[in-house]
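Reading the structure
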Amino acid sequence: QVQLVESGGCLVQAGGSLRLSCAASGNIFSINTMGWSRQAPGKQRELVATITRGGSTNYAESVKGRFTIYRDNAKNTVYLQMNSLKPEAAAVYYCNEDGWRNSGPPFASWGQGNKVTVSS
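Heads up: these notes are all about the structure in this document.

1. Overview of the pattern of salt bridges
Evaluated as defined, the whole model comprises 2 salt bridges. The shortest N-O distance in the salt bridge between glutamate 46 and arginine 38 comes to 2.6 Å. Take glutamate 46: its relative accessible area is 35%, and that puts it in the partly exposed class. Among the residues examined, arginine 38 registers a relative accessible area of 8% and is labelled buried. Residues lysine 64 and glutamate 61 are paired through a salt bridge, measuring 2.7 Å at the closest nitrogen-oxygen approach. Among the residues examined, lysine 64 registers a relative accessible area of 43% and is labelled partly exposed. Taking the relative accessible area as the measure of exposure, glutamate 61 reaches 63% and is therefore exposed.

2. Things to note about the packing of aromatic side chains
By the definition in use, this model includes 1 aromatic pair. For the cation-ring pair, arginine 45 lies above tyrosine 94, with the distance from its terminal atom to the ring centre recorded as 3.8 Å. The ring of tryptophan 110 is capped by arginine 45, whose NZ or CZ atom sits 4.9 Å from the centre of that ring.

3. Details of the state of the cysteines
Evaluated as defined, the whole model comprises 1 disulfide. A sulfur-sulfur distance of 2.0 Å marks the disulfide that ties cysteine 22 to cysteine 95. Between cysteine 22 and cysteine 95, the disulfide has an S-S torsion of 55° and is therefore right-handed. With cysteine 22 in strand S3 (residues 18-26) and cysteine 95 in strand S9 (residues 91-100), this pair connects stretches of sequence that are 73 residues apart. Look at cysteine 22 and you get buried, because its relative accessible area is 0%. Free of any disulfide, cysteine 10 has its nearest neighbouring cysteine sulfur in cysteine 95, separated by 16 Å. Overall, the relative accessible area of 36% leaves cysteine 10 in the partly exposed class.

4. Focus on the environment of threonine 77
Turning to its location among the elements, threonine 77 is positioned in strand S8 (residues 77-82). Expressed as a C-alpha distance, the spacing of threonine 77 and methionine 34, which sit 43 residues apart in the sequence, is 8.7 Å. Those residues in contact with threonine 77, other than ones at most four positions away along the chain, are Cys22, Ala23, Met34, Tyr70, Arg71 and Asp72. At 2.8 Å, the side chain of threonine 77 forms a polar contact with the backbone oxygen of lysine 75.

5. Examining the pairing of S9
By the criterion of burial, S9 is predominantly enclosed, with 7 of the 10 residues buried. One ladder, built from 8 bridges, connects strand S4 (residues 30-39) with S9; its direction is antiparallel. When the sheet's bridge partners are listed, arginine 38 is paired in S9 with tyrosine 93. With 3 bridges joining them, S9 and strand S11 (residues 114-119) adopt antiparallel strand pairing.

Criteria and cut-off values
- Residues numbered from 1 in each chain as written.
- Predicted model: local features only at pLDDT ≥ 70, side-chain atom pairs only at ≥ 80, totals over all residues.
- Heavy atoms only, no water.
- Salt bridge = Lys/Arg side-chain N within 4 Å of Asp/Glu carboxyl O.
- Buried < 20%, exposed > 50% of the residue type's maximum accessible area, 1.4 Å probe, protein only.
- Phe/Tyr/Trp six-rings, centres within 6.5 Å; stacked < 30°, edge-to-face > 60°.
- Lys NZ or Arg CZ within 6 Å of the ring centre and 35° of its normal.
- Disulfide = S-S within 2.5 Å.
- Helix = DSSP H or I, 4+ residues; strand = E, 2+ residues; numbered from the N terminus.
- Contact = heavy atoms within 4.5 Å.
- Polar contact = N/O pair within 3.5 Å; in protein donor to acceptor, adjacent residues only side chain to side chain.
- Pairing = 2+ DSSP bridges.

Right, here's the structure in full:
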């Protein structure tokens, strides 16, 4: 079983910065793609950013230039650095990771969600 544990969500003022973390543990051989999505109240979940094992990144247009996704493969952890936060960034943020187990089928797991509140 592979578990993802998120941390870092909190209340921040507009224009401020915040870093989210997501650590994977369990039966893991390697992790391929890591990513972050978010869901605001009354809206569908949207993809925010992804990063491959090789370090290639992809961002939603709305966060380009302000958010940075990066990973520490030795710690099986992905981060999302969010700068110049806008009120519309307020949402529950979810990390997701997919990869291979030491034994058994490949996995695709989601974190429990981490609430980010941005005050204007």
